[in-house]
Amino acid sequence: MKQYQQLAQRILDHGHWIENSRTGTRCLTLIGTTLEYDCSGPEFEIVTTRKVPFKLAVAELLGYLRGATSAKTFRQLGTRSWDANANENSQWLTNPNRQGEDDMGKVYGAVAKDFGGIDLIRKVYDNLKNNCDDRGEIITFYKPDEFDKGCLRPCMHTHNFALSNGTLYLESYQRSCDVPLGLAGANTTQVQVLLRLMAQITGHQAGRARHHITNAHIYDNQVELMRDVQLKRSPLPNPKIWINPDIKTLEDVETWVTTDDFKLVNYQSHDAIRYPFSV
Ligand SMILES: Nc1nc(=O)c2c([nH]1)NC[C@@H]1CN(c3ccc(C(=O)N[C@@H](CCC(=O)O)C(=O)O)cc3)CN21
Ligand SMILES: O=c1ccn([C@H]2C[C@H](O)[C@@H](COP(=O)(O)O)O2)c(=O)[nH]1
C-alpha cells in the first residue's frame, strides 16, 4: 500500500512535535490527509511493509457494529486490542462511570445505537436497503455529552455513506490516528470492510471509500522503527478479500458472523514489527 508509506514519510519529513498529556508521550504530527480505497473489485489495500493483524481489525469492526462495551466481548470476537484502554488508563480507572474489569463504557456502536433514542446503524441500513439516500446517511459515534461515560473518545468517529447509480460510496472521518499501530493494523481495513459489508447486506455494488484523517501521528517511541525499518521496505502486491456471501442482513452481522467469514487471499508481507503502544 504505497499511500501508507507516503503518509508515514510525509510525517517524518514535515511533521511537528506535539506533546500529548493523555499518554505522556509526544508525537510527530501531520494535520490533514485523505487515503482512497477502490472497493469495486476483490483487490484489497493493506499494509505489506510489515505483517498487520487483519483479524484484529475485523473483530473490532464487528464489536463496534454490535455495540460492544466490554474488552471481554472484543476478546471473544478475537482481539485483545481494547484490554489496555479498558483496564490500564488511570483516568478511566478512577472514573465513577466505569463498571469494573474490562468495562469500556459507552463507546462506538453503543453510542450510535442509542443516539438520542435513534439507532443510526439501523437507520442507514434500512434506507440503503430501500435504495434511499437522503443525503444524510451518517453513522457517527461522536457524542460529546457522553464522553465521560466511555474509556476513550472514538478515533474513527463518522461514516457517511452515499448512493449513486446503484453504487455505494463511503467517506470516513478520523480525528486522531496512530499511524504505525491504529492505521496499519485496524483503520485502513475497517473502512474498506465496512463499505464492502454494507454494500453486500443492502444489495449494492461497492465503489470507492475515502478515509479522511485530521491528526496523523507517530509516537516518539515508534519513530525509529518507522524510519529505520519499515520505511526502508518496498510495498508488495495487494491481496484479495473474500467475504462470506451468506452474510445477507444486518441481523447476520449482529448474530452469527465471525472473523472467519472474512479472509485475505494471497496476503504477502514483510516481517512483523512490534511497535510500542501508548495507553
Ligand atoms: N495508542 C493507541 N493506538 C491505537 O491505535 C489505539 C489505541 N491507542 N486505543 C484504542 C484502539 C486499540 N487499537 C489497537 C490496539 C492494539 C493494536 C496492536 O497491538 N496491534 C499489533 C498486533 C496485535 C495483535 O496481533 O494482536 C500490531 O502489530 O498491529 C492495534 C490497534 C487501535 N486503537
Ligand atoms: O481506531 C483507532 C483508535 C485509536 N487510535 C489511536 C489514535 C491515538 O493515538 C489514540 C487515541 O488517543 P486520543 O487522545 O483519544 O486522541 O488511539 C487509532 O489510531 N485508531
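Because the structure is a prediction, the values reported are computed rather than measured.

Caption draft 1: Here's a closer look at the packing of aromatic side chains. As enumerated under the stated definition, the model contains eight aromatic pairs in all. Here the aromatic rings of Trp82 and Tyr108 are separated by 5.8 Å at their centres, their planes lie at 70°, and the arrangement is edge-to-face. Of this pair, Trp82 sits in the loop between α3 (71–77) and α4 (83–87) while Tyr108 sits in the loop between α5 (90–93) and α6 (109–112), and the two are 26 residues apart along the sequence. Like Trp82, the residue Tyr108 is buried in the burial classification. Arranged with centres 5.0 Å apart and planes meeting at 75°, the rings of Tyr142 and Phe147 form a pair that is edge-to-face. We classify Phe147 as partly exposed; its relative accessible area is 25%. Among the aromatic residues, ring-to-ring pairing joins Tyr64, Phe74, Trp82, Tyr108 and Phe141 into one connected group. Here Arg26 stacks its cationic end above the ring of Trp17, 3.7 Å away from the centre of that ring.

Caption draft 2: View of the pattern of salt bridges. Using the criterion set out here, one finds 19 salt bridges in the structure. For Asp260, the salt bridge is made with Lys55, and the minimal N-O distance between the two is 3.2 Å. On the criterion of sequence distance, the pair formed by Asp260 in the loop between α10 (250–254) and β8 (262–265) and Lys55 in helix α2 (residues 54–66) is long-range, its members being 205 residues apart. Here Arg75 makes a salt bridge to Asp83, at a shortest N to O gap of 3.1 Å. On the accessibility criterion, Arg75 (27% relative accessible area) is partly exposed. Sharing partners across several salt bridges, the network here consists of Lys106, Asp114, Lys143, Asp145, Glu146 and Lys149.

Caption draft 3: Local environment of the packing of helix α1 (residues 2–14) against helix α8 (residues 179–202). Running from N to C, α1 and α8 cross one another at 165°; their axes reach a closest spacing of 12 Å. When the axes of α1 and α8 are compared, the pair comes out roughly antiparallel. When you trace α1 past α8, the crossing you get is right-handed. In contact with Tyr4, Leu7 and Ile11 of α1, α8 contributes Val179, Pro180, Leu183 and Ala184. Taken together, the residues of the contact of α1 with α8 break down into seven nonpolar, no polar and no charged.

Caption draft 4: Summary view of the nonpolar core. Ranked by size, the top nonpolar core spans 77 residues in total, and within it Trp82, Phe161, Val179, Met198 and Phe262 carry the most contacts. Counting residues per element, this core draws most heavily on α8, at 11 residues.

Caption draft 5: Structural detail: the layout of surface pockets. Of the volumes computed, that of the second largest pocket is approximately 190 Å³. Around the second largest pocket, the lining is made up of 13 residues, and of these Cys39, Arg196, Gln200, Ala206 and Ile243 lie nearest the centre. Counting only elements with at least two residues in the lining of the second largest pocket, the list comes to α8, β6 (205–219) and β7 (240–243). Class assignment for the residues of the lining of the second largest pocket results in seven nonpolar, five polar and one charged.

Caption draft 6: Broad picture of the site of ligand 2. Neighbouring ligand 2 are 14 residues, the closest being Arg22, Arg175, Ser176, His217 and Tyr219. Between an oxygen atom of ligand 2 and a side-chain N or O atom of Arg175, the distance comes to 2.8 Å. One nitrogen or oxygen atom from the side chain of Tyr219 is found 2.6 Å from an oxygen atom belonging to ligand 2. Here ligand 2 has 460 Å² of accessible area as a free molecule, and 88% of this is covered by the chains. Secondary-structure elements contributing two or more residues to the shell around ligand 2 are β5 (167–178), α8 and β6.

Rules used throughout
- Each chain has its residues counted from 1, running along the sequence as written.
- Chains carry letters and ligands carry numbers; both start at the beginning, A for chains and 1 for ligands, and go up in the order they are written.
- Per-residue local features of the predicted model are confined to residues with pLDDT of at least 70, and side-chain atom pairs are confined, for both listing and counting, to 80 or more; whole-chain, interface and lining totals are unaffected and use all residues.
- To get the side-chain values, take all heavy atoms of the structure and skip hydrogens and water.
- Only the six-membered ring of Trp is used, alongside the rings of Phe and Tyr, when aromatic pairs are assigned; centres must lie within 6.5 Å, and planes under 30 degrees apart are stacked while those over 60 apart are edge-to-face, with the rest tilted.
- Here a strand is any run of E in DSSP of at least two residues, a helix any run of H or I of at least four, and the numbering for each starts at the N terminus.
- Relative accessibility decides the category of a residue: with a 1.4 Å probe and only protein chains considered, values under 20% of the type maximum give buried, values over 50% give exposed, and everything between is partly exposed.
- Think of it as a cone above the ring: NZ of Lys or CZ of Arg counts as a charge over the ring if it is within 6 Å of the ring centre and within 35 degrees of the ring normal.
- When a carboxyl oxygen of Asp or Glu lies within 4 Å of a side-chain nitrogen of Lys or Arg, that pair is called a salt bridge.
- To obtain each axis, a line is fitted to C-alpha atoms, and for helices this fit is confined to the stretch in contact; angles are then taken between N-to-C directions over 0 to 180 degrees.
- Geometric relationships in this document are graded by angle, where less than 35 degrees denotes roughly parallel, more than 145 denotes roughly antiparallel, 65 to 115 denotes roughly perpendicular, and other angles denote oblique.
- By the definition used in this description, the sense in which the near helix is turned from the far one sets the handedness, with an anticlockwise turn below a right angle giving left-handed and a clockwise turn giving right-handed.
- Whether two residues touch is decided by their heavy atoms; if any such pair falls within 4.5 Å, the residues are in contact.
- For this scheme, ten residues count as nonpolar: Ala, Val, Leu, Ile, Met, Phe, Trp, Tyr, Cys and Pro. Four count as charged, namely Asp, Glu, Lys and Arg, and the remainder, Gly too, count as polar.
- What we call a nonpolar core is a set of buried Ala, Val, Leu, Ile, Met, Phe, Trp, Tyr and Cys residues that are connected through their side-chain atoms within 4.5 Å.
- Detection works on a 1 Å grid of protein atoms alone, calling trapped sets that fit a 1.4 Å probe cavities and calling open sets with protein on both sides within 12 Å along at least five of seven lines pockets, with lining residues defined by an atom within 4 Å of a point.
- Grid points are joined across faces, edges and corners, and a volume is the space filled by probe spheres set on the points.
- The nearness test applies per residue and asks whether one of its heavy atoms lies within 4 Å of the molecule or strand.
- The term polar contact refers here to a pair of N or O atoms within 3.5 Å; inside protein, the definition further demands a hydrogen-donor-capable atom paired with an acceptor-capable atom, and it admits residues adjacent in sequence only when both atoms are side-chain atoms.
- Methods summary: accessible areas were calculated by the Shrake-Rupley approach with a probe of 1.4 Å, and residue burial reflects only the protein chains presented.

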